[in-house]
Amino acid sequence: MTVKTRRIEQVPTKEVILESIAQNNADRNDDLIDLIKLLDSIEGPYSLLLDAAWGDGKTFFVKSLVEVLRALNKNNNRDPETLSALKGVTDKLNDVKTPYLPFYFNAWENDFAEDPISALFANLAVTFNETGLTKEHPARKCIASIIDASLSVANLPPVASELTKMIAGESLIAAYEKHLQLRERIDELAEKSKLEIADKLVIIIDELDRCRPDFAVRLLEQTKALFQNENIIVIISADSLQLAHAIGGLYGPGFDSQHFVERFFDQRLTLPPVDVYKVATGKPLQDTMHNYDLMTQELLNTRNLTIRDY
């Protein structure tokens, strides 16, 4: 007999995320609230490591964070359906007055690039385009100049260059010779983003622990060196143990990779585990004496299951 299997893990689309937050399926709404309150207390520049093991739902959590931050920002185009789904969370964040502009970057999907920061800004341009910013907006012009500078020294697909032309209305310019000049452009972006959009940029870098070790190290070094503006907060979502192992493989045995990773962050936050049964089924495990429930409970207690195991 042939048994067909399929992937049960939910793709974190906006619709799935909104439903999950509305129902609090992962029991992480309080964690979202606590993190956003922490962000609101931070004076940048600041970097956070959101640490959790593979399969514990880091991507789902940070994408949920993006949706909540967007909903809290009254300068965004917010549809009533989104606001309704997130009401249980946003109502508890009424004291958060800072408008945030969140940006999500999947590092693993972009580690084909020679220069990580170029890939990051190409994705940032796409995100700004999707938010409906006009070509005349000052922040958009800043991004165009940053991308021009970074793409000119990177090996990115032609679509990235076309994207730059679309935003800037001109061909790529020569690369800036010094990182200082690029950093000045980033500072300008952070300042001009405050006009009509947000007071702070929250840059979320996900899946770094799955990247090529050399790409991961370069991205860590570049973000640490470049994002030094007081209006920028960087969140790295990764399994710190796996990230340290990858870096250790790059530098060889005896290298203190764990300490090396920690020096890139101002604070490490451990994402608590979720109720994987509730995430998979949409309801908590019933506390009964039914044989099925008892068998399920015993299985959960004897195996270290993650969301991906369902």
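So, how was this worked out
Residues numbered from 1 in each chain as written. Predicted model: local features only at pLDDT ≥ 70, side-chain atom pairs only at ≥ 80, totals over all residues. Heavy atoms only, no water. Phe/Tyr/Trp six-rings, centres within 6.5 Å; stacked < 30°, edge-to-face > 60°. Lys NZ or Arg CZ within 6 Å of the ring centre and 35° of its normal. Axes fitted to C-alpha atoms, helices over the stretch in contact; angles between N-to-C directions. Helix = DSSP H or I, 4+ residues; strand = E, 2+ residues; numbered from the N terminus. Parallel < 35°, antiparallel > 145°, perpendicular 65-115°, else oblique. Contact = heavy atoms within 4.5 Å. Nonpolar A, V, L, I, M, F, W, Y, C, P; charged D, E, K, R; others polar. Pairing = 2+ DSSP bridges. Buried < 20%, exposed > 50% of the residue type's maximum accessible area, 1.4 Å probe, protein only. Salt bridge = Lys/Arg side-chain N within 4 Å of Asp/Glu carboxyl O.

K.L.:
What am I meant to see in the packing of aromatic side chains here?
P.N.:
Two measures describe an aromatic ring pair: the distance that separates the ring centres and the angle between the ring planes. Taken as a whole and judged by the stated rule, the model has five aromatic pairs. Here the aromatic rings of tyrosine 251 and phenylalanine 255 are separated by 4.5 Å at their centres, their planes lie at 25 degrees, and the arrangement is stacked. Here the aromatic cluster, defined as three or more aromatic residues joined through ring pairs, consists of Tyr251, Phe255, Phe260 and Phe264. Positioned above the aromatic ring of phenylalanine 264 is the side chain of arginine 263, whose terminal nitrogen or guanidinium carbon lies 4.6 Å from the ring centre.

K.L.:
What is the right way to look at the packing of helix 1 (residues 14-23) against helix 3 (residues 58-72) in this model?
P.N.:
The axes of two packed helices give the description: the angle between them and the distance between them. Taken N-terminus to C-terminus, the directions of helix 1 and helix 3 make an angle of 85 degrees; their axes are 10 Å apart at the nearest point. With respect to each other, helix 1 and helix 3 are oriented roughly perpendicular. Between helix 1, through Lys14, Val16, Ile17, Ser20 and Ile21, and helix 3, the contact on the second element is made entirely by Phe60, Lys63, Ser64, Glu67 and Val68. Residue classes in the contact of helix 1 with helix 3 are distributed as five nonpolar, two polar and three charged.

K.L.:
Just to check I follow, could you spell out the sheet that holds strand 1 (residues 46-51) for this structure?
P.N.:
The sheet built from five strands is open, its strands ordered 2-3-4-1-5 with parallel pairing. In this open sheet, the two strands that pair with only one neighbour each are strand 2 (100-106) and strand 5 (267-270). Ignoring which end each strand starts from, the neighbouring axes of this sheet average 20 degrees apart.

K.L.:
I tried to follow the side chain of threonine 90 on my own but got confused; where do I start?
P.N.:
Mapping threonine 90 onto the fold places it in helix 5 (residues 87-90). For threonine 90, a relative accessible area of 14% gives the class buried. Look past the residues within four positions of threonine 90 in its chain and what remains in contact with it is Val68, Ala71 and Leu72.

K.L.:
Sorry, what's going on with the pattern of salt bridges here?
P.N.:
Side-chain pairing between opposite charges can occur once the charged atoms of the two side chains come close. This structure, assessed with the given rule, holds five salt bridges. Across the pair arginine 268 and aspartate 51 runs a salt bridge, and its minimum N-O distance is 2.9 Å. Separated by 217 residues along the polypeptide, arginine 268 in strand 5 and aspartate 51 in strand 1 bring together distant segments of the chain. On the basis of relative accessible area, arginine 268 is assigned to the partly exposed category, the value being 47%. Given the relative accessible area of 7%, aspartate 51 is considered buried. The salt bridge partner of lysine 87 is aspartate 91, with a shortest N-O separation of 3.1 Å. Exposure remark for lysine 87: the relative accessible area of 46% places this residue in the partly exposed category. Given the relative accessible area of 38%, aspartate 91 is considered partly exposed.

K.L.:
Explanation requested: helix 1 in the structure shown.
P.N.:
Helical geometry: 3.6 residues make up each α-helical turn, so side chains three or four residues apart lie on a common side. Of the positions making up helix 1, those classed as buried are Val16, Ile17, Leu18, Ser20 and Ile21. Contact partners of the buried residues in helix 1: helix 2 (29-41), helix 3, helix 4 (80-85) and helix 5. Following helix 1 by one or two positions, asparagine 24 adopts a phi angle in the positive range, close to 50 degrees.

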